[in-house]
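Chain by chain, the residues run as shown.
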Amino acid sequence: MKKIAVYGKGGIGKSTTVSNLAVALAEKGYKVMQIGCDPKADSTIQLRHGKEIPTVLEMFQQKKQNLKLEDMVTVGYAGVVCVEAGGPTPGLGCAGRGIITALEKLEETGAYETYQPDIVLYDVLGDVVCGGFSMPMRKGYADQVFIITSGENMAIHAGANIAMAVENFKDRGYAQLGGLILNRRNVKNEDAKVEELAEDILGYNRCFHYGHMDNGTNRKLIYHIKRCEKLLNEMEK
């Protein structure tokens, strides 16, 4: 089982990109599980034709010790196993705690043994890499971390912070940085700026180019996978 965490600034296109990758990998014959680690709980919504599902945190609050695996998991498009961590009521509690709870409950209920995924994709909000939000890159949850960015300054800043967090954990045997995914916003010198970031944090250029954000949004066709063939090959290794 290969476990990959995908981080990036909010609104950069993480969920759309991860869902595209999940479907592309599923259509290659892999069993894929996608875990949304964001309080918005919309990581897998494109795989469920817009249908909302209960989050792990919601179900745990309702059922406590009676929580079962089937309460937390839904099978979506192309057989992708979908999970949403969820988060607390705004202003109450810690959003990162929802991620910690979700990952713990999935383990406790035998999710990985039951569904036996070949590849697990964690879709993680990366504006702040602290506490629960760093959980997927720690404690053996993920083998690799990929960072989605554009050439915009805030996206690059977030990407650099995420890379720094991975670097800080490397001596503990946690996840390694796999590379950057460029989701273009058509800003000036975009490719060069992101390639420079890749060289700064990786020591060499390892930047996977992926699509464009049309009209300022991040919604793309689920079958739009040709541009990420190189990235797919990397994730299959």
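Calculation rules
- Residues numbered from 1 in each chain as written.
- Predicted model: local features only at pLDDT ≥ 70, side-chain atom pairs only at ≥ 80, totals over all residues.
- Heavy atoms only, no water.
- Helix = DSSP H or I, 4+ residues; strand = E, 2+ residues; numbered from the N terminus.
- Buried < 20%, exposed > 50% of the residue type's maximum accessible area, 1.4 Å probe, protein only.
- Contact = heavy atoms within 4.5 Å.
- Areas by Shrake-Rupley, 256 points an atom, 1.4 Å probe, with all protein chains shown as cover.
- Core = buried A, V, L, I, M, F, W, Y, C linked by side-chain atoms within 4.5 Å.
- Salt bridge = Lys/Arg side-chain N within 4 Å of Asp/Glu carboxyl O.

Draft legend 1. Geometry of the overall build of the chain. Assigned secondary structure in the chain consists of eight helices and eight strands. Here the chain, with 237 residues, has 54% of them falling under the buried criterion. Pairs at least 24 residues apart make up 77% of the contacts formed inside the chain by residues separated by at least 6 positions. Accessible surface, the chain as shown: approximately 10700 Å² in total, 48% of it carbon and sulfur.

Draft legend 2. Looking closely at unusual backbone geometry. Phi is positive for Gln116, which is not a glycine, with a value near 45°. Within the chain, Asn189 stands out as a residue other than glycine whose phi angle is a positive 55°. As for its placement among the helices and strands, Asn189 is situated in the loop between strand S7 (176-184) and helix H7 (190-202).

Draft legend 3. Structural context of the nonpolar core. Core analysis: the largest hydrophobic core is formed by 46 residues, its most contacted members being Ile35, Leu106, Tyr122, Met137 and Val145. If we skip the residues at most four places from it in the chain, Ile35 touches Val83, Leu103, Leu106, Tyr112, Val120, Leu121, Tyr122 and Asp123. Counting 24 residues, the second-largest nonpolar core is a separate cluster that includes Ile4, Ile12, Val80 and Met235.

Draft legend 4. Region of the structure containing the pattern of salt bridges. Following the criterion strictly, the structure yields six salt bridges and no others. Between Lys105 and Glu108 there is a salt bridge, with its nearest N and O atoms 3.1 Å apart. Linking Lys105 with Glu108, this pair stays in helix H4 (residues 95-108), spanning three residues, or about one helical turn. The exposed category is assigned to Glu108, whose relative accessible area is 57%. Between Glu152 and Arg185 there is a salt bridge, and its shortest N-O distance comes to 3.3 Å. Linking Glu152 in the loop between strand S6 (144-149) and helix H6 (153-169) with Arg185 in the loop between S7 and H7, this pair joins segments that are 33 residues apart in sequence. Exposure remark for Glu152: the relative accessible area of 28% places this residue in the partly exposed category. Owing to a relative accessible area of 25%, Arg185 belongs among the partly exposed residues under this scheme.

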